Amino acid sequence: MADQYAQNQARGEPRRIPSLRWEESPEGPIVVLLDQTRLPADEVELSCTDVPALVQAIKTLAVRGAPLLGIAGAYGVALAAARGQDVEEAASLLGRSRPTAVNLAYGVRRALDAYRTAAGKGSAPAAQAALAAARELHQQDADASARMAGHGLALLDELLPEGNHRILTHCNTGALVSGGEGTAFAVALAAHRAGRLRRLWVDETRPLLQGARLTAYEAARGGLAYTLLTDNAAGSLFAAGEVDAVLIGADRIAADGSVANKVGSYPLAVLAKYHHVPFIVVAPTTTIDLDTADGAMIEVEQRSGHEVTYVAAPHLLTAEGGASGGVPVAPLGTPAYNPAFDVTPPELVTAIVTEAGALSPVTGGGIAELCVRSRQV
Ligand code: MRU
């Protein structure tokens, strides 16, 4: 990761506070997070000295995005082990803290497996094994991110040979959610660096504004030409012929190629199909869950209606003790429907780009093959 920062500095890009880091403090190890609920106004770090604090940070979206949730889960297990806490219970708590992004369960299991395998040698070697597993996942995610950027840019160039791409994206998929430069955003960044990005259209991504607060923050820092739009302005943008491709990430990809991602992704896929625009999903193979047969089996997180009926910076909406605060934008007591994700069926997805290559068309057989190939990368 240090190399990534050095490269960014050399390119004249701003220094970035890591989204997540492990620190050996005098009081013991801690997991330090860049608190994403405070962005873009404040770059504030949040120190988690134990697993309940990390679980709270996951639930309130201080740390978020599928790949980073996996990394956080793995470091959480390492934290419990290093601090002599109940590792099995910690793993269970972490794994249940958010249900949709399969990376979280994957990261927790990976560190827990390493811990269990080394447990016979004593608690210190077992804790070291869990930490080594977390560090390995962190580095692998950075490597996967770089590969996805390469495969994604090659695919864009193949689908849109005239270059000068106008890309629409949803939610936040950059360095804030990754050990590297992200998933879909990393592809847009690669296009920008290659001089082939005309514009990044950024959906604001209601209700918690991951697009406005986080993607716009990353696009501004990276020097990309970007424009923010409300989610419901996307239709008229397609109708005006202003979108050449949609690039999004994923929280879980089922065995049949169904894609769960931030709510609002499915309507974009429908729009893209109608307007004959490629709809491209970029995700590491750690986001593929072969145990989930299809989209109907993906558990979609339902969040507090307060996030819809009130407007405020997320750290105010998700204050201690549950959702509270903010300015009401609906009559008191209004019921709200607030799924955090939706599911796009494979027939609406033009391609899935992973570190092991791109898959198009998206089929169950192709998904299984990607998983096999990822073990050889
Ligand atoms: O609720 P969030 O902010 O964790 O949702 C994140 C997303 O939906 C991202 O698009 C997804 O995790 C892909 S990030 C590479």
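As the structure is a prediction and not an experimental result, all values here were calculated from the model.

**Details of the confidence of the model for the protein chain**
Per-residue confidence for the protein chain averages 94 on the pLDDT scale, and 94% of its residues sit at or above 70. Every residue in residues 1-5 is under pLDDT 50, and counting partners more than four places away or in other chains gives 6 contacts. Among the scores for the predicted complex, ipTM is 0.98 and pTM is 0.94.

**Description of helix α8 (residues 210-222)**
With 13 residues, α8 extends 17 Å between its outermost C-alpha atoms, agreeing within 8% with the 18 Å of an ideal straight helix rising 1.5 Å per residue. A maximum bend of about 25° is found in α8 at A216. Among the residues of α8, Q210, G211, R213, L214, T215, A216, E218, A219 and G222 are the ones counted as buried. Buried positions along α8 lie against β4 (165-169), α7 (184-193), β5 (197-203), β6 (226-229) and β9 (259-262). One or two positions beyond α8, positive phi appears at G223, with a value near 75°.

**What to know about the UniProt feature "binding site: substrate" (unreviewed entry) in the protein chain**
UniProt records the feature "binding site: substrate" (unreviewed entry) at R64, G65, A66, R98, Q210, N261 and K262, using the numbering of this structure. The topology assignment puts G65 in the loop between α2 (51-59) and α3 (66-82). Once residues lying within four places of it in the same chain are set aside, the contact partners of G65 are N172, T173, L176 and V177. Within the fold, N261 resides in strand β9. Of the residues examined, N261 has 29 C-beta atoms within 10 Å and is grouped as buried. Residues within four places of N261 in sequence aside, it is in contact with C171, I248, G249, A250, D251 and F341.

**Quick look at the site of the ligand**
Within the structure, the ligand sits among 18 residues, and R64, A66, C171, G249 and K262 are positioned closest to it. Elements represented by at least two residues in the shell around the ligand include exactly α3 and β9. A per-class count over the shell around the ligand returns 8 nonpolar, 7 polar and 3 charged.

**Observations regarding the sheet that holds strand β16 (residues 357-359)**
Strand order in the open sheet formed by 7 strands is β6-β5-β4-β7-β10-β15-β16, and the pairing between neighbours is mixed. Only two strands of the sheet have a single neighbouring strand rather than two, namely β6 and β16. The sheet shows a mean angle of 25° between the axes of neighbouring strands, taken without regard to direction. Docked against the sheet, α7 engages β4, β5, β7 (245-248) and β10 (279-282), running at close to 160° with respect to β4.

What counts, and at which threshold
Residues numbered from 1 in each chain as written. Predicted model: local features only at pLDDT ≥ 70, side-chain atom pairs only at ≥ 80, totals over all residues. pLDDT = per-residue confidence, 0-100. Contact = placed C-beta atoms within 7 Å. Helix = DSSP H or I, 4+ residues; strand = E, 2+ residues; numbered from the N terminus. Expected span 1.5 Å × (residues − 1). Bend = angle between axes of the 7 residues up to and from the residue. Buried ≥ 20, exposed ≤ 12 C-beta atoms within 10 Å, placed from the backbone. UniProt positions renumbered as here; feature names shortened; annotations may be inferred. Near = placed C-beta within 6 Å. Nonpolar A, V, L, I, M, F, W, Y, C, P; charged D, E, K, R; others polar. Pairing = 2+ DSSP bridges. Axes fitted to C-alpha atoms, helices over the stretch in contact; angles between N-to-C directions.

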